[in-house]
Amino acid sequence: MSNFRQITTARAAAVICSTIIGVGIQSFPRFMIAAGDNSGPFIALTGVIISFLIYYVLTSLCQLYPKETLFVFSRRLIGRPFAVLFTAVIMLVFVIQTGLTARQFGDIATTVLYRKTPIEATIFLLLFVCLLSSRRNIVKFSYIHAFYLPLIVGSIVIMILISMDNITLLNLQPILMPLNHKFWKGAQIASYLFQSSFVITLLIPFMVKPKQAVRAGALAIFTSGAIYLLIVITSLGIFGAEESKLLIYPTLEMARNAAFEQGVFERLDAIFIVLWVISVYTTVYTTYYVSAYLIQNLFALRDQRMASSVLLPVVFAISMFPTNVFDTYYWSLQLGNAVMVLLIGYPLLLWLAHLIRLPRKKVPA
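Predicted model only: the values in this text are computed from it and were never measured.

## Examining the overall build of the chain
The secondary structure content of the chain amounts to 14 helices and zero strands. For the chain, the α and β elements follow one another from N to C terminus as α-α-α-α-α-α-α-α-α-α-α-α-α-α. Since a compact globule built from 365 residues should have a radius of gyration of about 21 Å, the 21 Å found for the chain is in line with a globular shape. Dimensions along the principal axes, computed over C-alpha positions, put the chain at roughly 75 × 50 × 35 Å. Sorting the 365 residues of the chain into buried and exposed places 55% on the buried side. Contacts spanning at least 24 positions in sequence make up 84% of the contacts within the chain whose residues lie at least 6 apart. When the accessible area of the chain is evaluated, it comes to approximately 16,800 Å², of which 68% is carbon and sulfur surface. Across the chain, the mean location of the 27 positive side-chain charges is 23 Å away from that of the 13 negative side-chain charges.

Written as structure tokens, this is what we have:
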């Protein structure tokens, strides 16, 4: 296998980080502030920590079998029928997630960018680009993410730094709230954005140092988490809690308020939106790639090329299912709940099977 173990730790982190930063960045502050008013940043931080703990359990399990993906070694642990069943469920989840993410992109793009373009055309173009990209192997997949990550992170950080001049510190107080049901529900929603870190299960067999998979995930999750946290703080500081709840896309409004002297950079929102489109592409690309890989795995195809072609009409049909932007968010949150149960329950089930199947140590006579 010519491409065996070519993905470095830094490139694995780049894949996870660019996947996490995507379409959700536009509405994330509204969800966090609606859950806890001024304590929105605290809720977002808690969600990041929960996401890393889930990632740690999953990755620690996969590191026990560094030469195989989760979907291969799970057959030995729980038997082929159950492994195929869980793989099919995970595949279905990622297919739906790809469709709903594409729909969120279409809703925003037709609202602020392509107002005269049918939403069907916008979504189809995004999915078609992902289809073509998904025909590449896993190493080229990682190179594409590593190439775009600096543009994505750089544009967001610059926009945040410029916007911080407009923050009113009084809007940020108080920062703590009781740890009630509303708080944990908000933290759970925050963790949904990090569920795509599941892609590490595909990367580990190709990593130069599989033992550093946890380190790669930590770097990616806490870097992207810091960006999301800063966006919530900045949005809250500029608009205040009550106004932020009324904005469908607070981050976009924040970018529109950002200005840097005069001239080319006077309106940074145009540059930010262009680079945001790239960040959406990398997110949808990952979920599309994972879906195609799982179809290939289920039907024992030679590679994921045919699967990626078959996937396009299915994902497109799913993206057309919601009737409006609020319906899209409703189904996205419902899917997030299901994925949360799956990402916690399935690795724990495999861990239990692994412990049961551990060879017993020979007792000396």
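Structure shown, so let's carry the discussion forward.
## Some remarks on the packing of aromatic side chains
Scanning the entire structure with this criterion turns up 24 aromatic pairs. When the ring of F31 is compared with that of Y329, the centres are 5.5 Å apart and the planes differ by 75 degrees; the resulting orientation is edge-to-face. Highlighted residues: F31 in helix α2 (residues 28-36) and Y329 in helix α14 (residues 325-357), separated in sequence by 298 residues. Look at Y329 and you get buried, because its relative accessible area is 8%. Ring centres of F141 and Y289 lie 4.5 Å apart, and the angle between their planes is 25 degrees; this geometry places the pair in the stacked category. A residue pair is termed long-range when its members are at least 10 positions apart, and F141 in helix α7 (residues 138-163) and Y289 in helix α12 (residues 268-298) qualify at 148 residues. The exposure classification of F141 matches that of Y289, with both residues buried.

## Notes on the packing of α2 against helix α8 (residues 181-192)
Taken N-terminus to C-terminus, the directions of α2 and α8 make an angle of 165 degrees; their axes are 8 Å apart at the nearest point. Considering their axes alone, α2 and α8 lie roughly antiparallel with respect to each other. Our pair here, α2 against α8, has a crossing hand that is left-handed. Residues F28, F31, M32, A34 and A35 of α2 form the contact with α8, whose own contacting residues are K182, G186, I189 and A190. A breakdown of the residues in the contact of α2 with α8 according to their chemical character gives seven nonpolar, one polar and one charged.

## Description of the nonpolar core
The nonpolar side chains of soluble globular proteins are, as a tendency, buried together. I21, M32, L70, I138 and I156 are the most contacted members of the largest nonpolar core, which has 123 residues in total. The dominant element in this core, judged by the number of residues it contributes, is α12, at 16 residues. Ignoring sequence-local partners within four residues, the contact set of I21 consists of I152, V153, I156, S224, I227, Y228, S279, T282 and T283.

## Some thoughts on unusual backbone geometry
Glycine aside, a negative phi is what most residues show, and trans is what most peptide bonds show. With a phi angle near 50 degrees, D37 is a residue other than glycine that sits in the positive phi range. Position of D37 relative to the elements: it lies in the loop between α2 and α3 (40-62). Within the chain, A300 stands out as a residue other than glycine whose phi angle is a positive 55 degrees. Here A300 is to be found in the loop between α12 and α13 (305-319).

## Focus on the packing of α7 against helix α10 (residues 213-246)
Relative to each other, α7 and α10 sit at 30 degrees, their axes nearing to 10 Å. By the angle between their axes, α7 is roughly parallel relative to α10. Judged by the twist between their axes, the crossing of α7 over α10 is left-handed. Contact residues: α7 offers V153, I156, I160 and S163, while α10 offers I227, L230, I231, T234 and I238. Residue classes in the contact of α7 with α10 are distributed as seven nonpolar, two polar and no charged.

## Considerations on the confidence of the model for the chain
Looking at the chain as a whole, the pLDDT averages 85, with 94% of positions reaching at least 70. Confidence, expressed as mean pLDDT per element, reaches its minimum in the chain at helix α11 (residues 250-257) with 82 and its maximum at helix α1 (residues 9-20) with 92. Low pLDDT (under 50) marks residues 361-365, which in the prediction has zero contacts with non-local residues, meaning those over four places away or in another chain.

## Digging into the pattern of salt bridges
Tallied over the full model, the rule gives four salt bridges. For the salt bridge of D37 with K245, the shortest nitrogen-to-oxygen distance reads 2.4 Å. Placement of D37 in the loop between α2 and α3 and of K245 in helix α10 is noted, with a sequence separation of 208 residues between them. Since its relative accessible area comes to 29%, D37 is described here as partly exposed. E68 is the partner of R76 in a salt bridge, and the nearest nitrogen-oxygen pair spans 2.8 Å. Put simply, D37, E242 and K245 are held in one network by salt bridges that share partners.

## Quick word on α10
One full turn of an α-helix is made of 3.6 residues, so residues set three or four places apart face in the same direction. Its 34 residues give α10 an end-to-end C-alpha distance of only 40 Å, which falls more than 12% under 50 Å, the value for a rise of 1.5 Å per residue. The sharpest bend along α10 measures roughly 105 degrees and falls at G240.

The rules we used
- Residues numbered from 1 in each chain as written.
- Predicted model: local features only at pLDDT ≥ 70, side-chain atom pairs only at ≥ 80, totals over all residues.
- Heavy atoms only, no water.
- Helix = DSSP H or I, 4+ residues; strand = E, 2+ residues; numbered from the N terminus.
- Rg over C-alpha atoms; globule rule 2.2 N^0.38 Å.
- Buried < 20%, exposed > 50% of the residue type's maximum accessible area, 1.4 Å probe, protein only.
- Contact = heavy atoms within 4.5 Å.
- Areas by Shrake-Rupley, 256 points an atom, 1.4 Å probe, with all protein chains shown as cover.
- Lys, Arg positive; Asp, Glu negative; His and termini not counted.
- Charge placed at Lys NZ, Arg CZ, Asp CG, Glu CD.
- Phe/Tyr/Trp six-rings, centres within 6.5 Å; stacked < 30°, edge-to-face > 60°.
- Axes fitted to C-alpha atoms, helices over the stretch in contact; angles between N-to-C directions.
- Parallel < 35°, antiparallel > 145°, perpendicular 65-115°, else oblique.
- Left-handed = near helix turned anticlockwise from the far one by under 90°.
- Nonpolar A, V, L, I, M, F, W, Y, C, P; charged D, E, K, R; others polar.
- Core = buried A, V, L, I, M, F, W, Y, C linked by side-chain atoms within 4.5 Å.
- pLDDT = per-residue confidence, 0-100.
- Salt bridge = Lys/Arg side-chain N within 4 Å of Asp/Glu carboxyl O.
- Expected span 1.5 Å × (residues − 1).
- Bend = angle between axes of the 7 residues up to and from the residue.

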